[in-house]
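Residues per chain are reported as follows:
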Amino acid sequence: MEDDTLTAMPPHAFSPQGRRLALQAMATSPLDVLVVGGGITGCGIARDAALRGWRVALVDKDDFAFGTSSRSSKIVHGGVRYLEYGHFLLVRESARERRVLRTIAPHLVHRLDFLYPVFAPDSLLKIRAGLQVFDWLADSDEDDWHSVLDPAGVREWLPGLRDPLRGAVKYVEYITDDARLTMENALSAAEHGALVANHAAAETLFRDSGGRVHGARVRDRFDDAVYEVRARVVVNAGGPWAQEILEGSGLPVEKALRPSKGIHILLDHSRLPIEGATFLKSRSGRRGLAMRRLGYVYVGTSDDEYRGSLDAPRATRDEVLDLLAMVQDCFPDAELTVDDVLATWAGIRPLIAEEGRSTRDTSREDEVWTGPAGLVTIAGGKLTTYRRMAERALAEVRREIGDPPDDVDRTMDVRLPGAPAGDIGAFNRDRAERLAEAGVGSETVKRLVWLYGRQLDDLIAYGEEDPAWLAPLADGVPALRGEVRHAVEREMACTLIDVMDRRTALLIFSPDSGLAGAAEAARIIGELLGWDQRRRDAELAGYRTYAREHRVPPGNDRPGNDRPGNGRPGAGSAE
Ligand SMILES: Cc1cc2nc3c(=O)[nH]c(=O)nc-3n(C[C@H](O)[C@H](O)[C@H](O)COP(=O)(O)OP(=O)(O)OC[C@H]3O[C@@H](n4cnc5c(N)ncnc54)[C@H](O)[C@@H]3O)c2cc1C
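Here's a quick rundown of the structure. (Residues numbered from 1 in each chain as written. Predicted model: local features only at pLDDT ≥ 70, side-chain atom pairs only at ≥ 80, totals over all residues. Heavy atoms only, no water.)

Remarks on unusual backbone geometry
Note that the residue after Ala120, namely Pro121, is joined by a cis bond; omega there is 10°. Relative to the helices and strands, Pro121 is located in the loop between β4 (110-119) and α5 (124-138). (Helix = DSSP H or I, 4+ residues; strand = E, 2+ residues; numbered from the N terminus.)

This is the structure in structure tokens:
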């Protein structure tokens, strides 16, 4: 693959051209910190380090959020689940971070009413007491305080929920687009001086004669160019790959990882017409979550030890059927079949192995450790708490290199690039009106407002330049041609998959994996990046395969919904 012809592109730091300049720059003079891994953890660390004034670079071997950070349940959560285990500090931290994220990314963190249904013989009082403690620990706003619903009230939110229902506790969580949240952290890092490149793998970490790690050999995936990047400290934020990164360079693995896989399935909202989100519990005790996002409902998640390819975790047909059976058990009249599943995704939790514990019981907390000298590794944790994880990782970095130029954590005050100034509701209403006036359809407007924030102004400006940028990618596709241009010019998308999966979310959140618009998207990217016909065809063919992998694999099933997984009490997890 190549991306040589970038002459049509403005030299934006966060474009494919800016990416190449960043790679060249990171190899010319030593850095303070090189961050390996552009998931939420690495992007959060790079942003924090850049805001402190350090010379920092960030590389990802594929794209930002290529790994777990685009495959989560996408909930910015206050940590209600940790109450069950008595992890009060974690609840406090999650709740605090949730508040911070609502401030720095109001365009990407949306309120979601969450129901915790209680079935006989369980006690509603117990859950209610738990939520009371939660509201106190989380210092919840009055608007967010929990309330109690009787069975009729519950079924207004969750029509058809099974019996014997006692009622539910309703409280508030927040939903996000995890891939865009991650990308915006990388973009923010770049805006504050970090040298950032996706599709650039750290192949080997190198050590000096004293054994200290002092950089990495980084390979550009597109032209195979190799860059020797030197840094006072390297941070290994490789998520599920953290162990592989150490082993690949012959470095000791102080804490082994125990990858665990979780899958989700996507349904059209009309097939499971719930409002908000809910914990699910089947009669056999299997648990999960269901969440509404615009015209869709997604359900997750499983929690199984994983030994397959870290690069391509996929939901198997059996896993999908197990999850579907659990939903069907919770909503007996729904008559869901495998044909209702529009998309699937699978993510790997980078859990730290704990002797004698199942993946479900293994702590979700992050761990940071140094060793050998010059190398800080961080693994585990949550999307919600990434900012605090960055603080902890940088405290170790600081110990390694002495006092930084500026030790003030500014990540709480500096908003993410898409966050508009002022009231988010007013901003969204105004931009929605302007898009509608420009002829953009109402479904598309809803989707755009949900995803973009201030970047809507770039799209509107494209439309003023040429209204064709505000035309749909194809008839009936609720996405604009301008989004593709924006993804390339300002969000460093370099491939069709980058655009369709992690910038526009069409891979998962559209009825046909975005295939109807994929050819036009490939054409636009091709024009911006100078792809020849062969490259366009290859990108399109690659995307079709990728899309197929995110649907239910074909197979012969036993009739009925009595899947074996449905009888495994406690299997599945509520993130
Ligand atoms: C099913 C599931 C649901 C979840 N739901 C939630 C939720 O609702 N809320 C929440 O707060 N948390 C949730 N989590 C947890 C959260 O998603 C993860 O903790 C987080 O995304 C991990 O991010 P990471 O950056 O550590 O790893 P990743 O996102 O996997 O990032 C690692 C990156 O390293 C890159 N990389 C690997 N090797 C190299 C190399 N040699 N050179 C350069 N780059 C490299 C990869 O390409 C990848 O992009 C969930 C997790 C799972 C699995």
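Picking up after the structure, the text goes on.
A closer look at the site of the ligand
Near the ligand lie 40 residues; those nearest to it are Thr41, Asp60, Ser69, Ile75 and Thr384. At 3.2 Å from an oxygen atom of the ligand is found a main-chain nitrogen or oxygen belonging to Ile40. Between the ligand and Thr68, the relevant distance is 2.9 Å, taken from an oxygen atom to a main-chain nitrogen or oxygen of the residue. Notes on the ligand: free accessible area 1000 Å², of which the protein chains cover 98%. Of the residues contributing to the shell around the ligand, the split by class is 14 nonpolar, 18 polar and eight charged. (Near = heavy atom within 4 Å. Polar contact = N/O pair within 3.5 Å; in protein donor to acceptor, adjacent residues only side chain to side chain. Areas by Shrake-Rupley, 256 points an atom, 1.4 Å probe, with all protein chains shown as cover. Nonpolar A, V, L, I, M, F, W, Y, C, P; charged D, E, K, R; others polar.)

Section: the environment of Phe222
Along the chain, Phe222 turns up in the loop between β9 (213-220) and β10 (226-236). Separated by 22 residues in the primary sequence, Phe222 and Ala200 place their C-alpha atoms 8.4 Å from one another.

Describing empty space enclosed by the protein
With the rule as written, the count across this model stands at four cavities of 30 Å³ or more. Within this model, the largest cavity holds a volume of roughly 70 Å³. The wall of the largest cavity is formed by Ser70, Arg71, Lys74, Asp177, Asp178, Ala179, Asp501, Arg502, Ala505, Ile508 and Phe509. When residues of the lining of the largest cavity are traced back to their parent elements, those giving at least two are α7 (178-191) and α15 (496-503). Classifying every residue of the lining of the largest cavity by side-chain character gives four nonpolar, one polar and six charged. (1 Å grid on protein atoms, 1.4 Å probe; cavity = no way out; pocket = protein on both sides within 12 Å on 5 of 7 lines; lining within 4 Å. Points joined across faces, edges and corners; volume = space filled by probe spheres on them.)

Concerning helix α9 (residues 317-330)
Compared with the 20 Å implied by 1.5 Å per residue over 14 residues, the 20 Å span of α9 between its first and last C-alpha is a close match. In terms of residue burial, α9 counts as a mostly covered element, since 13 of its 14 residues are buried. (Expected span 1.5 Å × (residues − 1). Buried < 20%, exposed > 50% of the residue type's maximum accessible area, 1.4 Å probe, protein only.)

Let's talk about the packing of aromatic side chains
One pass over the structure, following the stated rule, counts 11 aromatic pairs. Measuring from centroid to centroid gives 6.0 Å for Trp345 and Phe509, while their planes differ by 55°, and the two rings are tilted. In this pair, Trp345 sits in strand β16 (residues 343-352) while Phe509 sits in the loop between α15 and α16 (515-529), placing the two residues 164 residues apart along the sequence. Taking relative accessible area as the criterion, Phe509 reaches 9% and is therefore assigned buried. In this structure an aromatic cluster arises from ring pairing among Phe114, Tyr116, Phe134, Tyr171 and Phe279. If you follow Arg162 out to its NZ or CZ, it ends over the ring of Phe119, 3.7 Å from the centre. Its guanidinium or amino end placed over the ring of Tyr462, Arg485 lies 3.7 Å from that ring's centre, counting from NZ or CZ. (Phe/Tyr/Trp six-rings, centres within 6.5 Å; stacked < 30°, edge-to-face > 60°. Lys NZ or Arg CZ within 6 Å of the ring centre and 35° of its normal.)

A few points about the pattern of salt bridges
A side chain of one charge can pair with a side chain of the opposite charge when the charged atoms of the two come close. Considering all chains together, one arrives at 57 salt bridges under this definition. Where Asp223 meets Arg20, a salt bridge forms, and the shortest distance between an N and an O atom there is 3.8 Å. With Asp223 in the loop between β9 and β10 and Arg20 in helix α1 (residues 16-26), this residue pair connects regions lying 203 residues apart in the sequence. Judged by relative accessible area, which is 17%, Arg20 ranks as buried. Here Glu539 and Arg535 are joined by a salt bridge, their closest N and O atoms 3.0 Å apart. Taken together, the positions of Glu539 and Arg535, both in helix α17 (residues 533-549) and four residues apart, correspond to about one turn of that helix. Grouping residues by exposure puts Glu539 and Arg535 together as buried. One connected set of salt bridges, linked through shared partners, spans Asp62, Asp63, Arg71, Arg221, Asp498, Asp501, Arg502 and Arg503. (Salt bridge = Lys/Arg side-chain N within 4 Å of Asp/Glu carboxyl O.)

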